[in-house]
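Chain by chain, the residues run as shown.
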Amino acid sequence: MIGIKCKYYILFFLLSVFSFAVHAQDTIDIKTLTPGQCKRFGNSALKQGDYNAASEYFLQFMKLKPDNAKVAFKLAESFRISRDYAAAQEWYDKSYKLSDQTDALSCYYYALMLKMNGNCDKAKVEFAKFKKQAGNYSDLKKQAKNEIAGCDSFISYSKLITKISVTHLDSSINKIHVEHSPIMLDTNTLLYSSVRTDKKVYTVTSQTDTVVGAYKKFYTAKKQNDKWVF
């Protein structure tokens, strides 16, 4: 009987790992995942430093469970670290509101994203709000003071700066996973690395978690008619 149970446990474990590996592929239909799967896969992506993938999983989770302040904060963090400051601003704001305006950390980063997005007048208001409820975040309270000063400087200097436009590369290069270290080989060839999932997938299992990832590879993109194509 013990041997039979052991076989079932082993079979269950292998099926679980296989299922996780399948979900790690780019062909996954994320809409078919349960909230629990979205959360686990998002946390796994965070551990790998794949913040773009993490944001996709957490975003789907929030569509299914829109009142979860903690996951909203993780989603905001994923967007911030991957430098999508507009989306990060939106989700820090939602995280703060979902916490009944008690999560000081969400308030701080919401203010910081406002500043990063050029809305310094409102950022100053939010930084001041954070300072009143900073609690144990003494270092961030001091930093908030510096950020307010930075907002004042931005407001002054912005009157002297010529407006510029920044265009992000489209999804032909920017996939769901993280791209690293772009290098221009020539005027029409871009070399970069990515952790996007390929056929080779590795699995690392610990006592508490299973992490599935992909090997990093180098890719090139070519410039065609003023657009970069993978």
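Now for a look at the structure at hand. These numbers come from a predicted model, not from an experiment.

## A few points about the overall build of the protein chain
Scanning the protein chain for helices and strands turns up 8 helices and 6 strands. Counting from the amino terminus, helix and strand elements in the protein chain follow one another as α-α-α-α-α-α-α-α-β-β-β-β-β-β. Going through the 230 residues of the protein chain one by one, you find that 34% of them count as buried. Taking the intrachain contacts of the protein chain between residues at least 6 apart in sequence as the baseline, contacts between residues at least 24 apart amount to 50%. Total accessible area on the protein chain stands at roughly 14,800 Å², and carbon and sulfur atoms take up 56% of it.

## Things to note about the sheet that holds strand S1 (residues 179–186)
Spatially, S1-S2-S5-S6 is the arrangement adopted by the 4 strands of the open sheet, whose pairing is antiparallel. Pairing within the sheet leaves two strands with one partner each, and these edge strands are S1 and strand S6 (227–229). In this sheet, adjacent strand axes meet at a mean angle of 30 degrees when their direction is disregarded.

## Description of helix H2 (residues 35–48)
Its 14 residues give H2 an end-to-end C-alpha distance of 20 Å, which sits within 8% of 20 Å, the value for a rise of 1.5 Å per residue. Just past H2, the residue Gly 49 takes up positive phi, approximately 75 degrees.

## Looking at helix H6 (residues 104–116)
Every α-helix carries 3.6 residues per turn, so stepping three or four residues along brings you back to the same face. In this model H6 runs 18 Å from its N-terminal to its C-terminal C-alpha over 13 residues, within 8% of the 18 Å that 1.5 Å per residue would give. Along H6, 11 of the 13 residues are buried, which leaves the element largely enclosed by surrounding structure. Taken as a whole, H6 has its buried residues at Ala 104, Leu 105, Ser 106, Cys 107, Tyr 108, Tyr 109, Tyr 110, Ala 111, Leu 112, Met 113 and Leu 114. Elements in contact with the buried residues of H6: helix H4 (69–81), helix H5 (85–98), helix H7 (120–132) and helix H8 (138–157). Looking at where H6 begins, the residue whose side-chain oxygen comes 3.2 Å from the main-chain nitrogen of Leu 105 is Asp 103. Directly after H6, the chain includes Gly 118, whose backbone phi takes a positive value near 90 degrees.

## Brief notes about the pairing of strand S5 (residues 217–224)
Remark: a regular strand shows side chains that alternate across the two faces of the sheet. Note: strand S2 (residues 189–194) against S5, 6 bridges, orientation antiparallel. Paired with Thr 189 across the two strands is Lys 222, which belongs to S5. Taken together, the 3 bridges between S5 and S6 define a ladder with antiparallel strand orientation. The residue of S6 that forms the bridge with Gln 224 is Lys 227.

## Here's the deal with the pairing of S1
Strand direction decides the pairing type here: S1 and S2, joined by 5 bridges, are antiparallel. Looking across to S2, one finds that Met 184 is bridged to Leu 190. Joining the antiparallel neighbours S1 and S2 is a turn of 2 residues.

## Observations concerning the side chain of Glu 126
Among the structural elements, Glu 126 can be located in helix H7. Look at Glu 126 and you get buried, because its relative accessible area is 7%.

## Things to note about the pattern of salt bridges
Oppositely charged side chains can pair when the atoms bearing their charge come close. Inspection of the entire model under this criterion finds 6 salt bridges. Across the pair Glu 90 and Lys 94 runs a salt bridge whose closest N-O atoms are separated by 3.0 Å. Of the two residues, Glu 90 and Lys 94 are both situated in helix H5; the distance of 4 residues between them amounts to about one turn of the helix.

## Things to note about the nonpolar core
Core analysis: the largest hydrophobic core is formed by 41 residues, its most contacted members being Met 62, Trp 91, Tyr 92, Tyr 108, Phe 127 and Phe 130. For this core, the secondary-structure elements that each account for two or more residues are H2, helix H3 (51–64), H4, H5, H6, H7 and H8. Looking at this core, the element that brings in the most residues is H6, giving 10 residues. If you look at the next biggest cluster of nonpolar residues, it comprises 5 residues, including Leu 190, Tyr 192, Tyr 219 and Ala 221.

Conventions and cut-offs
- Residues numbered from 1 in each chain as written.
- Predicted model: local features only at pLDDT ≥ 70, side-chain atom pairs only at ≥ 80, totals over all residues.
- Heavy atoms only, no water.
- Helix = DSSP H or I, 4+ residues; strand = E, 2+ residues; numbered from the N terminus.
- Buried < 20%, exposed > 50% of the residue type's maximum accessible area, 1.4 Å probe, protein only.
- Contact = heavy atoms within 4.5 Å.
- Areas by Shrake-Rupley, 256 points an atom, 1.4 Å probe, with all protein chains shown as cover.
- Pairing = 2+ DSSP bridges.
- Axes fitted to C-alpha atoms, helices over the stretch in contact; angles between N-to-C directions.
- Expected span 1.5 Å × (residues − 1).
- Polar contact = N/O pair within 3.5 Å; in protein donor to acceptor, adjacent residues only side chain to side chain.
- Salt bridge = Lys/Arg side-chain N within 4 Å of Asp/Glu carboxyl O.
- Core = buried A, V, L, I, M, F, W, Y, C linked by side-chain atoms within 4.5 Å.

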